[in-house]
Amino acid sequence: MSDTNANSLSAPECSSCKDGKGSSKCASCPSASPEQKAKKSETEQQIEQRLSRVKHCIAIVSGKGGVGKSTVTASMALSLSMLGRKVGVLDADVSGPNMPHLLGLEGRKLEASTEGLEPIMNRNGIKVISSEFVLTTSDTPMLWRGPMRTTLVTQFVTDTNWGELDYLLIDLPPGTGDEPMSVMQQIPLDGIVIVSTSSNLSVLDVSKIINMAKTINVPVLGLIENMSYMQCPDCDKKIRLFGESKVEKLAKQYGLRMIGEIPLDPLNSGVDELPADGRSLIVTAMKPIAQKVADLAEKHK
């Protein structure tokens, strides 16, 4: 086995932009030479064309499963839509597609037009694409190996008629596998938002995501701590089930932003769809977080 350190794989710095050479935005860099632009693959050209009317692309990631990443993605989409933004969600977690359940689209099926695949719009005007829309039932497993799942995610980008969007949120599967790495390398992201609980194992795996993002030059917009506390219904006291925030310490360790905290919500118990009527503690806590993410994306652009 090679002794090459992962850090040696980091791309050299580029003077053209702050992202550095090898960034996911290099293909669309205005300073690229004619020869470099001509080397764009057909897939890169299709992605660029499909996303030409999308102002910001943000991926939501986590180090491990079970931390509520998809719930955070859905609540962020709801919050951005309530701020008057046009929002789309790409459910790239092919093996565990939860977005249709969280956004009230369970049982819907994908359709196509002359413009390509048509995302399904929920009651809040959020456009959604998910592998569950092509499955027979919601409990049908997607028994595909990594390369096939990655190809499907790419096809969801290249073949979907996203139209005009302010934000396209991409809900990635947990970890540092094929799909997260391919999305980070192929799609011109404004950055990633990392979701974690304050448990020791979750925080440990977040470090791997941060280091992967550094290696392939994808900006980390910041960290969100989910299930951070439980709010007493009688006195509103915050009860921190995992103790003092380890996510905030990790953010400081890597020099990253702690964007915010989201509580456990009893209203979310046994219910899939997130309510957008002000009752949900999750959606309420997400509103200022979504605004921060929007501001960070604007600055990065």
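Residues numbered from 1 in each chain as written. Predicted model: local features only at pLDDT ≥ 70, side-chain atom pairs only at ≥ 80, totals over all residues. Heavy atoms only, no water.

**Thoughts on unusual backbone geometry**
Line of reasoning, step 1. Residue Asn 217 is not a glycine yet carries a positive backbone phi of 60°.
Line of reasoning, step 2. Take Asn 217: its relative accessible area is 16%, and that puts it in the buried class.
Line of reasoning, step 3. One non-glycine residue, Asp 236, lies in the positive phi region at around 65°.
Line of reasoning, step 4. One can find Asp 236 in the loop between β10 (230-231) and β11 (238-239). (Buried < 20%, exposed > 50% of the residue type's maximum accessible area, 1.4 Å probe, protein only. Helix = DSSP H or I, 4+ residues; strand = E, 2+ residues; numbered from the N terminus.)

**Some words on the confidence of the model for the chain**
Detailed conclusions should not be drawn from predicted coordinates in areas where pLDDT is low.
Line of reasoning, step 1. Averaged over the chain, the pLDDT score is 86; the fraction of residues at 70 or greater is 85%.
Line of reasoning, step 2. Mean pLDDT values for the elements of the chain range from 55 in helix α1 (residues 34-38) up to 98 in strand β7 (residues 165-171).
Line of reasoning, step 3. Low pLDDT, under 50, characterises residues 1-12; the stretch is placed with nine contacts to residues that sit more than four places away or in other chains. (pLDDT = per-residue confidence, 0-100. Contact = heavy atoms within 4.5 Å.)

**Some details on helix α3 (residues 69-82)**
Line of reasoning, step 1. Its 14 residues give α3 an end-to-end C-alpha distance of 20 Å, which sits within 8% of 20 Å, the value for a rise of 1.5 Å per residue.
Line of reasoning, step 2. Two residues or fewer past α3, Gly 84 is found with a positive phi of approximately 90°. (Expected span 1.5 Å × (residues − 1).)

**Some points on the pattern of salt bridges**
Line of reasoning, step 1. With the rule as written, the count across this model stands at nine salt bridges.
Line of reasoning, step 2. In this structure, Arg 123 and Glu 273 form a salt bridge, with 3.3 Å as the shortest nitrogen-oxygen distance. Taken as a pair, Arg 123 in the loop between β5 (120-121) and β6 (127-130) and Glu 273 in the loop between β12 (258-261) and α9 (281-300) lie far apart in primary sequence, 150 residues in all.
Line of reasoning, step 3. Relative accessible area serves as the criterion here: at 68%, Arg 123 is assigned to the exposed category.
Line of reasoning, step 4. What makes Glu 273 partly exposed here is its relative accessible area of 27%.
Line of reasoning, step 5. Here Glu 179 and Arg 149 are joined by a salt bridge, their closest N and O atoms 2.8 Å apart. Remark: Arg 149 occurs in helix α5 (residues 146-158) and Glu 179 occurs in helix α6 (residues 178-186); sequence separation between them is 30 residues. Here Glu 179 matches Arg 149 in class, with each residue buried.
Line of reasoning, step 6. Via salt bridges that share partners, Lys 64, Asp 205 and Lys 208 belong to a single interconnected network. (Salt bridge = Lys/Arg side-chain N within 4 Å of Asp/Glu carboxyl O.)

**Concerning a nonpolar patch on the surface**
Line of reasoning, step 1. Together, Met 230, Ile 239, Leu 241 and Phe 242 give the surface a local cluster of nonpolar side chains, amounting to about 330 Å² of exposed area.
Line of reasoning, step 2. Structurally, Phe 242 can be placed in the loop between β11 and α8 (246-254). (Patch = residues over 30% accessible without salt bridge, like charges linked within 9 Å, V, L, I, M, F, W, Y side chains within 5 Å. Areas by Shrake-Rupley, 256 points an atom, 1.4 Å probe, with all protein chains shown as cover.)

**Looking at the environment of Val 153**
Line of reasoning, step 1. Structurally, Val 153 can be placed in helix α5.
Line of reasoning, step 2. For Val 153, a relative accessible area of 4% gives the class buried.
Line of reasoning, step 3. Linking Val 153 and Ile 129, residues 24 residues apart in sequence, is a C-alpha distance of 9.8 Å.
Line of reasoning, step 4. Apart from the residues lying within four places of it in its own chain, the contact partners of Val 153 are Ala 92, Val 94, Glu 179 and Val 183.

**Remarks on the nonpolar core**
Soluble globular proteins: nonpolar side chains tend toward being buried together.
Line of reasoning, step 1. Residues Ile 170 and Ile 192 are the most contacted members of the largest nonpolar core, which totals 79 residues.
Line of reasoning, step 2. Tallying contributions element by element places α9 first for this core, with nine residues.
Line of reasoning, step 3. If near-sequence neighbours (up to four positions away) are discounted, Ile 192 is found in contact with Ala 59, Val 61, Met 184, Ile 209, Ala 213, Val 218, Pro 219, Val 220, Leu 221 and Gly 222. (Core = buried A, V, L, I, M, F, W, Y, C linked by side-chain atoms within 4.5 Å.)

**Side note on the sheet that holds β7**
Line of reasoning, step 1. Strand order in the open sheet formed by eight strands is β5-β6-β2-β7-β1-β8-β9-β12, with mixed pairing between adjacent strands. Strands with a single pairing partner mark the edges of an open sheet, and in this sheet they are β5 and β12.
Line of reasoning, step 2. Across six bridges, strand β1 (residues 54-62) lies against β7 in parallel orientation. If you follow Cys 57 over to β7, its bridge partner there is Leu 168.
Line of reasoning, step 3. Where α9 meets the sheet, its contacts fall on β1, β7, β8 (191-196), β9 (220-225) and β12, and the angle it forms with β12 comes to roughly 165°. (Pairing = 2+ DSSP bridges. Axes fitted to C-alpha atoms, helices over the stretch in contact; angles between N-to-C directions.)

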